[in-house]
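# Observations on the model geometry
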Amino acid sequence: MDTSTTNQATAARVIGPKDGKAGFLGSIGVRFMIDGVDAAERFSLVEHPMSPRALAAPLHRHTREDEYSYVLEGRMGALLGDEVLVASPGDLVFKPRNQWHTFWNAGDEPTRILEIISPAGFERFFEELVDMGGVLKAQPEQLAELCARYGLEMQPDGVPGLLERFDLRMGEPI
């Protein structure tokens, strides 16, 4: 069997600032830039625009992929295990698989990050969540099934505590 094209990425191209499908995950936005097919399943790239003081997600952990958050503008707060940190433009935050984490906009202005997901595949979780209307509109059993299919463990009951602890809110589309 010829495998010379099996792990080939798609053609080179420029992805402009308005390119890529965009959606809302329930508290932060998502713009799909490079999916697994584009990169031979090695990684995917999404942009997350976040309104001021927006919590991105409940405390969660990925069992299959690592995430890297590169801050483009604003300030991103993150809880990685027990460590709390704040990243500024130009900073890269590594969130390894199997580590409980969450992140948020740590400022009063919009924040944008690039999220590199490796290996690819989890971007499809975001696509399905957008189609469900976001985390706040998804039926609990649908969300649980979605998380199970993508190897994601989530602690939704902890959201009120995160909102209070870090002076956050559920975000709005920007």
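Check the entry above for the structure.
Residues numbered from 1 in each chain as written. Predicted model: local features only at pLDDT ≥ 70, side-chain atom pairs only at ≥ 80, totals over all residues. Heavy atoms only, no water.

What follows covers the overall build of the chain. The helix and strand tally for the chain stands at 3 helices and 13 strands. In terms of overall dimensions, the chain is globule-like: its C-alpha atoms have a radius of gyration of 16 Å, near the 16 Å expected for 174 residues. With respect to the principal axes defined by its C-alpha atoms, the chain has extents near 55 × 35 × 30 Å. Looking at the 174 residues of the chain, the share that counts as buried comes to 45%. A separation threshold of at least 6 residues defines the contact pool for the chain, and within that pool the share at least 24 residues apart is 69%. For the chain, the accessible area works out to roughly 8900 Å², and carbon and sulfur atoms hold 53% of it. Positive and negative side-chain charges in the chain, numbering 17 and 27 respectively, have mean positions lying 2 Å apart. (Helix = DSSP H or I, 4+ residues; strand = E, 2+ residues; numbered from the N terminus. Rg over C-alpha atoms; globule rule 2.2 N^0.38 Å. Buried < 20%, exposed > 50% of the residue type's maximum accessible area, 1.4 Å probe, protein only. Contact = heavy atoms within 4.5 Å. Areas by Shrake-Rupley, 256 points an atom, 1.4 Å probe, with all protein chains shown as cover. Lys, Arg positive; Asp, Glu negative; His and termini not counted. Charge placed at Lys NZ, Arg CZ, Asp CG, Glu CD.)

On to the packing of aromatic side chains. Going through the model one piece at a time under the given rule, you end up with 7 aromatic pairs. The interplanar angle of 15° and the centroid separation of 4.6 Å between the aromatic rings of Phe 122 and Phe 125 together place this pair among those described as stacked. Both residues of the pair, Phe 122 and Phe 125, belong to the buried class. What links up through ring pairs into an aromatic cluster is the set Phe 122, Phe 125, Phe 126 and Tyr 150. Over the face of the ring belonging to Phe 103 we find Lys 95, whose NZ or CZ atom lies 3.9 Å from the ring centre. (Phe/Tyr/Trp six-rings, centres within 6.5 Å; stacked < 30°, edge-to-face > 60°. Lys NZ or Arg CZ within 6 Å of the ring centre and 35° of its normal.)

All right, on to helix 1 (residues 123-131) then. For helix 1, the set of buried residues is Glu 123, Phe 125, Phe 126, Leu 129 and Val 130. Along the long axis of helix 1, the arc covered by the buried residues comes to 150°, so they all point the same way. Just past helix 1, the residue Gly 133 takes up positive phi, approximately 95°. (Arc of directions from axis to C-beta.)

Here the focus is the sheet that holds strand 9 (residues 92-95). The 6 strands are arranged 1-2-3-11-6-9 in an open sheet whose pairing can be described as antiparallel. Two strands bound the open sheet, and with one partner strand each, they are strand 1 (22-24) and strand 9. Adjacent strand axes in the sheet meet at a mean angle of 25° when their direction is disregarded. Across 7 bridges, strand 3 (residues 44-50) lies against strand 11 (residues 111-118) in antiparallel orientation. The partner of Leu 45 across the bridge, within strand 11, is Ile 116. Seen against the sheet, helix 1 touches strand 1, strand 2 (29-34), strand 3 and strand 11 and runs at an angle of roughly 135° to strand 2. (Pairing = 2+ DSSP bridges. Axes fitted to C-alpha atoms, helices over the stretch in contact; angles between N-to-C directions.)

Turning our attention to the nonpolar core. Counting residues in each nonpolar core, the largest one holds 28 residues, and the members touching the most others are Met 76, Phe 103, Phe 125 and Phe 126. The set of elements that each furnish at least two residues to this core consists of strand 2, strand 3, strand 7 (76-80), strand 11, helix 1 and helix 2 (140-149). Among the elements that take part in this core, helix 1 stands out by supplying 4 residues, more than any other. Setting aside anything within four residues of it in sequence, one finds Phe 126 in contact with Leu 25, Val 30, Phe 32, Val 46, His 48 and Ile 117. Formed by 10 residues, the second largest nonpolar core is a distinct cluster that contains Leu 79, Ala 106, Phe 166 and Leu 168. (Core = buried A, V, L, I, M, F, W, Y, C linked by side-chain atoms within 4.5 Å.)

Attention now moves to the pattern of salt bridges. As enumerated under the stated definition, the model contains 12 salt bridges in all. Of the charged contacts in the structure, one is a salt bridge between Lys 95 and Glu 67, with a shortest N-O distance of 3.8 Å. Within this pair, whereas Lys 95 is found in strand 9, its partner Glu 67 is found in strand 6 (residues 66-73), the two being separated by 28 residues in sequence. By relative accessible area, Glu 67 is classed as buried at 2%. The residue Glu 128 makes a salt bridge to Arg 149 at a minimum N-O spacing of 2.5 Å. Of this pair, Glu 128 sits in helix 1 while Arg 149 sits in helix 2, placing them 21 residues apart in sequence. Given the relative accessible area of 36%, Arg 149 is considered partly exposed. (Salt bridge = Lys/Arg side-chain N within 4 Å of Asp/Glu carboxyl O.)

Let's shift gears to the pairing of strand 8 (residues 83-87). Within a regular beta strand, the side chains point alternately toward one face of the sheet and then the other, so they alternate between its two faces. Summarising the sheet, strand 7 and strand 8 pair through 5 bridges and their orientation is antiparallel. Within strand 8, the residue paired with Ala 78 across the bridge is Leu 85. Connecting strand 7 to the next strand, strand 8, in antiparallel fashion are 2 residues, including Gly 81 with a positive phi near 65°.

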